[in-house]
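Listed here are the chains, written in short residue letters.
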Amino acid sequence: MKGWLKRGAGLLLLVILPFCLSGCGEVKEAEAAVQGMFAAFQALDFEGAETFADMDSIADLETKEGGILQPKLLMEALFDELDYKIISSEKKDGKTVLVSTEVTAVDMTALVNAWLPGLFQSMFDKIMDGEQPAGEDLDQKMIASFLEIANQEGNPTAVRRVDIPVVYRDGVWRVEADEVFVDALMGGLNDAAKTITEAFDI
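Keep in mind that what you see is a predicted model, and the values were worked out from it rather than measured. In this numbering scheme, every chain counts its residues from 1 along its sequence in written order. Residue-level local features of this predicted model are given only where pLDDT is at least 70; pairs of side-chain atoms are given and counted only at 80 or more, and the full residue set underlies all totals for whole chains, interfaces and linings. Excluding hydrogens and water, the side-chain values take into account all heavy atoms of the structure.

K.L.:
Would you explain the pairing of strand S2 (residues 83-93) in this entry?
P.N.:
Successive side chains on a regular strand alternate, one facing one side of the sheet and the next facing the other. Strands are labelled as partners when DSSP assigns at least two bridges between them. Under the scheme used here, helices are H or I runs from DSSP no shorter than 4 residues and strands are E runs no shorter than 2 residues, and both carry numbers assigned from the N terminus. Pairing of S2 with strand S3 (residues 96-106) involves nine bridges; the strand directions are antiparallel. Of the residues in S3, the one forming a bridge with Asp93 is Thr96. The loop that links S2 with its antiparallel partner S3 comprises two residues.

This is the structure:
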């Protein structure tokens, strides 16, 4: 009887084990995609990041607000402080793994709060000089002044924990850079946008 039970347990393990190993392997491959993406970002290798991630959500930033955001310029300025830590991973189905990750990035709201006083002062000075700040020239000056602050050393950082979806498609695991992840990657871009909106009473 015991021998039959052992043989039965052994057969059951032979059936189950390949599936367990397959699942573990898929999780590791999904985590490797996240690691590869962050390594590329830290090296400012944006083309390399596209090997591991769907960058459409980041590319969409280019088209918002008439292209004022210029995400690659922001990333070049901000990613010196970019770091991450994978906390856990969960396989949702055969094609999706959620990789729970702590993302450390320069705090975008803090940068905006440091940038706005100088911007308002500059605009006030121009008005006092009889100029009317507007148009593309103003946009470029706003970008330049913000990037100057973003490129300073010692900017404060923020840590956000996000579930990064990694999807198996066309034979490879790729990060789906959704809006929640992009927000964390860019240091809380949504909160920063809200701060700007409130400052200008838009």
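K.L.:
Help me out: how do you make sense of the environment of Lys72 in this one?
P.N.:
Checked against the element boundaries, Lys72 lands in helix H4 (residues 71-78). A simple rule labels every residue: compare its accessible area, found with a 1.4 Å probe on the protein chains alone, to the largest value its type can have, and call it buried under 20%, exposed over 50%, or partly exposed in between. Overall, Lys72 belongs to the partly exposed group, its relative accessible area being 43%. The sequence separation of Lys72 and Phe46 amounts to 26 residues, and the corresponding C-alpha distance is 8.2 Å.

K.L.:
Which parts of the structure should I look at to understand unusual backbone geometry?
P.N.:
Excluding glycine, most residues fall at negative phi; most peptide bonds, likewise, are trans. The backbone of Leu44 sits at a positive phi, close to 55°, despite the residue not being glycine. Along the chain, Leu44 falls in the loop between helix H1 (2-42) and helix H2 (46-52). Backbone geometry places Asp170, a non-glycine residue, at a positive phi of 55°. By the element assignment, Asp170 lies in the loop between strand S4 (157-169) and strand S5 (172-176).

K.L.:
Even after reading the chapter, I still don't get the packing of aromatic side chains, so can you show me in this structure?
P.N.:
Pairs of aromatic rings are described using the distance from one ring centre to the other and the angle between the two planes. Between 30 and 60 degrees the pair is tilted, below 30 it is stacked and above 60 it is edge-to-face, where a pair is any two Phe, Tyr or Trp rings, Trp via its six-membered ring, whose centres lie within 6.5 Å. This structure, assessed with the given rule, holds five aromatic pairs. Between Phe41 and Phe79 the ring centres are 5.4 Å apart and the planes differ by 70°, which places this aromatic pair in the edge-to-face class. Taken together, the residues Phe41 in helix H1 and Phe79 in the loop between H4 and S2 connect sequence positions 38 residues apart. For Phe41, a relative accessible area of 0% corresponds to the buried category. On the numbers, 5.2 Å between centres and 55° between planes, the contact of Tyr168 with Trp173 is tilted. Given the relative accessible area of 35%, Tyr168 is considered partly exposed. Put simply, the rings of Phe38, Tyr84 and Phe181 touch in pairs and so form one group of aromatic residues.

K.L.:
Would you explain the pattern of salt bridges in this entry?
P.N.:
Side chains that differ in sign of charge can pair as their charged atoms come close. Salt bridge, as used here, is a side-chain nitrogen of Lys or Arg placed within 4 Å of a carboxyl oxygen of Asp or Glu. Considering all chains together, one arrives at three salt bridges under this definition. Put simply, Arg169 and Glu176 hold a salt bridge, and the shortest N to O gap is 2.9 Å. Taking the relative accessible area as the measure of exposure, Arg169 reaches 40% and is therefore partly exposed. Take Glu176: its relative accessible area is 18%, and that puts it in the buried class.

K.L.:
Help me understand the side chain of Glu176 in this model?
P.N.:
Position of Glu176 among the secondary structure elements: in strand S5. Nitrogen and oxygen atoms within 3.5 Å of one another constitute a polar contact, given that in protein one can donate a hydrogen and the other can accept it, and given that sequence-neighbouring residues count only through two side-chain atoms. At 2.9 Å, the side chain of Glu176 and the side chain of Arg169 are in polar contact. Residues are treated as being in contact if the distance between any of their heavy atoms lies within 4.5 Å. Not counting chain neighbours up to four residues away, the residues in contact with Glu176 comprise Asp54, Pro165, Val167 and Arg169.

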